[in-house]
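A look at the structure
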Amino acid sequence: MNKIAVIGFGCAAVHGIQGMREGGYTGEIHVFAPVDTPPENPMLTTYYASGRISPEGRYPFGTVAELQEKYGLTLHLNDPVTRFDAEAKTLTTRSGGVFAWDGALIASGANPWAPPMEGDGGDECFPMRTMADAQRLKDRLAQGGVKTALVVGASMIGIKAVELFVNAGISCTLADIAPHIFPLAALDGTAARVETYLREKGVELRFNAGAAAIGKRPDGGYTAAFTDGSAMDADLIVLCVGTRTNLPFLIPGQINVNRGIVVDDHMRASVPGVYAAGDCCEGNNLQSGQTQVIGLWERAGTQGRTAGANLAGENAVCDGGMVQNITHFFDMDFISVGDKRLSGESVSFTGQGGRLYIEAVVEAGQIRCVNLLGGHRISGVIRSRLWKTARGGARGLSPEEIGLLRREDVPEGFITLLGGSGL
Ligand SMILES: Cc1cc2nc3c(=O)[nH]c(=O)nc-3n(C[C@H](O)[C@H](O)[C@H](O)COP(=O)(O)OP(=O)(O)OC[C@H]3O[C@@H](n4cnc5c(N)ncnc54)[C@H](O)[C@@H]3O)c2cc1C
């Protein structure tokens with residue numbers, strides 16, 4: 001292999017390139033991307049928009065020139081891939097160039113998605129994925145005059161936008177079509193506690209209320225109408241409703257695609273020589289045994305490195321992942337580990353005089369999903385235990401782990417559930 005095409009220049013792509021060079025690949029690496037800025041960390045978008053990080057802090061991997069020199073890259077920036085022919089082993093770019101490759105890593109990530117909505121204001125809403133989105137929001141806030149904001153989508157991204165507005169003294173409403181906050185991650189008791197906390201912070205919450213229409217007002221603001229028949233005005237609207245894999249350049253029928261490119265544990269797509277990693281692909285969910293897009297920063301890196309090493313001729317394996325979320329907003333930590341869709345009995349525990357709340361779904365004595373509020377110091381032990389269980393490993397906790405849990409005032413009932421009884 002002497003000509004590898006990398007589609008995308010984000011977390012998965014950079015780790016893929018690292019994996020190629022560390023695996024001994026010395027041939028050409030051609031990187032294609034729609035922008036000419038360095039690889040970004042989308043998690044930092046709201047921090048940048050709120051001024052909490054500097055312009056340089058947006059780019060965790062360094063400058064374009066540094067990456068080019070370090071990894072010997074041939075860059076095709078401002079020239080996204082528009083067509084990828086997996087059978088002819090060629091790709092076409094926006095500028096019309098056709099490029100022949102003998103190995104490819106597709107790492108094109110995901111795009112914000114919004115449902116079809118009526119009204120003339122939808123296009124002026126703010127998505128939150130790239131630093132360009134963050135810059136737009138930052139510029140709008142700097143113009144002044146924003147007194148009210150609506151965040152549509154009670155997701156991990158939505159909550160960071162809420163935090164940004166509340167901290168800026170802007171009156172904020174959070175709306176979602178789901179009945180509770182963090183619908184993909186929070187169990188009922190945890191969601192209720194987070195909602196109480198947000199109301200105490202002055203956030204107005206609207207659930208069972210999807211955005212159905214967004215119209216412009218003559219004063220420059222917007223009116224949002226919801227699926228429950230209600231409506232509200234806001235000076236600014238952020239849409240954090242969901243994401244869709246970014247794969248418009250694939251030729252239908254060539255590569256096995258479900259919601260994302262389906263990959264095996266070597267990050268191979270269904271056509272030889274083609275690998276995929278990050279938010280554009282579906283790898284194994286260790287708990288369900290099915291493939292699933294799990295859009296997480298660390299996972300994108302692991303998948304990218306695995307794909308890169310294999311493109312270099314190694315035999316690297318990424319056996320799968322687990323759904324997890326860790327988010328900090330105001331002074332609250334919400335941590336979720338495991339797939340909340342799995343069935344089981346719900347149990348809850350409190351510790352530290354009520355500051356620690358643990359809720360879990362348990363089936364046949366095994367924890368399927370855990371929510372923690374105020375438990376960031378114990379989350380490592382819990383994550384490690386659930387990962388080992390999902391991989392079929394031994395169920396016990398070490399004496400050190402049990403000691404840590406007891407020091408953090410974790411109730412004995414939960415320690416036993418985790419596999420720590422008898423010590
Ligand atoms: C606001 C926000 C908060 C988040 N918070 C967390 C968090 O707390 N914890 C966590 O684990 N994860 C979080 N994530 C998710 C995490 O950022 C992603 O999982 C990770 O960035 C995925 O990396 P990626 O390389 O697959 O995709 P991306 O980082 O999206 O990179 C994709 C790249 O592909 C390029 N591209 C797109 N189309 C083309 C094309 N046609 N041709 C060439 N290149 C193309 C893009 O320009 C980009 O460079 C968050 C994401 C967002 C948006």
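Parameters and conventions
Residues numbered from 1 in each chain as written. Predicted model: local features only at pLDDT ≥ 70, side-chain atom pairs only at ≥ 80, totals over all residues. Heavy atoms only, no water. Helix = DSSP H or I, 4+ residues; strand = E, 2+ residues; numbered from the N terminus. Rg over C-alpha atoms; globule rule 2.2 N^0.38 Å. Buried < 20%, exposed > 50% of the residue type's maximum accessible area, 1.4 Å probe, protein only. Contact = heavy atoms within 4.5 Å. Expected span 1.5 Å × (residues − 1). Core = buried A, V, L, I, M, F, W, Y, C linked by side-chain atoms within 4.5 Å. Near = heavy atom within 4 Å. Areas by Shrake-Rupley, 256 points an atom, 1.4 Å probe, with all protein chains shown as cover. Nonpolar A, V, L, I, M, F, W, Y, C, P; charged D, E, K, R; others polar. Domains from an automatic or database assignment. Pairing = 2+ DSSP bridges. Axes fitted to C-alpha atoms, helices over the stretch in contact; angles between N-to-C directions. 1 Å grid on protein atoms, 1.4 Å probe; cavity = no way out; pocket = protein on both sides within 12 Å on 5 of 7 lines; lining within 4 Å. Points joined across faces, edges and corners; volume = space filled by probe spheres on them. Salt bridge = Lys/Arg side-chain N within 4 Å of Asp/Glu carboxyl O. Buried area = accessible area lost by both parts, 1.4 Å probe. Polar contact = N/O pair within 3.5 Å; in protein donor to acceptor, adjacent residues only side chain to side chain.

A count of helices and strands for the protein gives 10 helices and 25 strands. At 23 Å, the protein has a C-alpha radius of gyration in line with the 22 Å of a compact globule built from 423 residues. C-alpha extents for the protein along the principal axes are approximately 65 × 60 × 40 Å. Expressed as a percentage of its 423 residues, the buried residues of the protein come to 52%. Residue pairs in contact within the protein that sit at least 24 positions apart in sequence constitute 61% of those at least 6 positions apart.

The first and last C-alpha atoms of helix H7 (residues 297-311) sit 21 Å apart over 15 residues, in line with the 21 Å expected at 1.5 Å per residue. Of all the residues in H7, the buried ones are Arg 299, Ala 300, Gly 301, Gln 303, Gly 304, Thr 306, Ala 307, Gly 308, Ala 309, Asn 310 and Leu 311. Among the structural elements, strand E1 (3-7), helix H1 (11-22), strand E7 (103-106), strand E18 (274-276), strand E19 (281-284) and strand E20 (291-292) are those in contact with the buried residues of H7. The positive-phi residue at the C-terminal boundary of H7 is Gly 313, with phi of around 100°.

Phe 84, Ile 106, Ile 255 and Ile 261 are the most contacted members of the largest nonpolar core, which has 50 residues in total. If you tally residues by element for this core, the top one is H1, at 6 residues.

Let us now look at the site of the ligand. Around the ligand lies a shell of 29 residues, among which Ala 12, Met 43, Arg 129, Asp 279 and Trp 297 are the nearest. Summarising the interface, the protein chains cover 85% of the accessible area of the ligand, which totals 1,000 Å² for the free molecule. Among the residues making up the shell around the ligand, the classes are represented as 19 nonpolar, 8 polar and 2 charged. A domain-level breakdown of the shell around the ligand finds at least three residues from each of domain 1 (3-110 + 254-311) and domain 2 (113-240).

If you walk across this open sheet you meet the 3 strands as E4-E5-E6, and the pairing is antiparallel. Each edge of the sheet is formed by a strand with only one pairing partner; in this case those strands are strand E4 (81-85) and strand E6 (98-100). For this sheet, the mean inter-axis angle between neighbouring strands, taken without regard to orientation, is 20°. Where strand E5 (residues 90-93) and E6 come together, 3 bridges link them in antiparallel fashion. Its bridge partner lying in E6, Thr 92 is registered against Val 98.

This brings us to the pairing of strand E15 (residues 236-239). The alternating pattern of E15 places Leu 236 and Val 238 on one face and Ile 237 and Leu 239 on the opposite face, and all of these are buried. Bridging between strand E9 (residues 148-152) and E15 involves 4 bridges; their strand directions are parallel. Opposite Val 152, over in E15, you have Leu 239 as the bridge partner.

Moving on, we come to empty space enclosed by the protein. Across all of its chains, the model carries 2 cavities of 30 Å³ or more by this definition. Here the second largest cavity defines a volume of roughly 50 Å³. Along its surface, the second largest cavity is lined by Val 263, Asp 264, Asp 265, Met 267, Gly 283, Asn 284, Arg 299, Gln 303, Cys 318, Asp 319 and Gly 320. Those elements that place two or more of their residues in the lining of the second largest cavity are E19 and H7. Taken together, the residues of the lining of the second largest cavity sort by class into 3 nonpolar, 4 polar and 4 charged.

As a further point, take the pattern of salt bridges. Oppositely charged side chains are able to pair whenever their charged atoms sit close together. What the rule picks out here adds up to 15 salt bridges. One salt bridge in this structure joins Arg 383 and Glu 298, with 3.7 Å as the shortest N-O distance. One end of the pair, Arg 383, is in helix H8 (residues 379-390); the other, Glu 298, is in helix H7, and 85 residues separate them in sequence. Arg 383 gets classed as partly exposed once you look at its relative accessible area, which sits at 21%. Residue Asp 339 pairs with Arg 341 through a salt bridge whose shortest N-O separation is 2.7 Å. You can call Arg 341 exposed: its relative accessible area is 59%.

When cut into domains, the protein gives domain 1 (3-110 + 254-311), domain 2 (113-240) and domain 3 (324-418). Taking the mean C-alpha position of each, domain 1 and domain 3 sit 33 Å from one another. With 7 residues of domain 1 at the interface, the matching set in domain 3 holds 11 residues. Interface of domain 1 and domain 3: buried area, both sides summed, is about 710 Å²; carbon and sulfur atoms make up 49% of it. It is Leu 286, Gln 287 and Leu 296 that lose the most area in domain 1 upon contact with domain 3, and together they represent 70% of the buried surface on that side. Across the contact surface, domain 1 and domain 3 share 1 salt bridge. In this structure, the connection of domain 1 to domain 3 is made through 4 residue pairs in polar contact (both at pLDDT 80 or more). A per-class count over the side of domain 1 that touches domain 3 returns 3 nonpolar, 3 polar and 1 charged.

All right, on to the environment of Ala 209 then. Structurally, Ala 209 can be placed in the loop between strand E11 (204-206) and strand E12 (211-216). Under the relative-accessibility criterion, Ala 209 is labelled buried at 0%. Residues Ala 209 and Ala 231, spaced 22 residues apart in sequence, show a C-alpha to C-alpha distance of 9.5 Å.

The topology assignment puts Thr 93 in strand E5. Apart from the residues within four sequence positions on either side, Thr 93 is in contact with Phe 32, Asp 79, Pro 80, Val 81 and Thr 82.

Pairing in this open sheet of 5 strands is antiparallel, and the strands run E21-E22-E25-E24-E23 from one edge to the other. A strand with exactly one partner marks an edge of an open sheet, and here the two such strands are strand E21 (324-329) and strand E23 (345-351). The sheet shows a mean angle of 15° between the axes of neighbouring strands, direction not considered. Packed onto the sheet, helix H6 (residues 188-200) meets E21, strand E22 (332-338), E23, strand E24 (356-363) and strand E25 (366-373) and runs at close to 155° relative to E24. Contacts from H8 reach E21, E22 and E25 within the one sheet, and its direction differs from that of E25 by about 160°.

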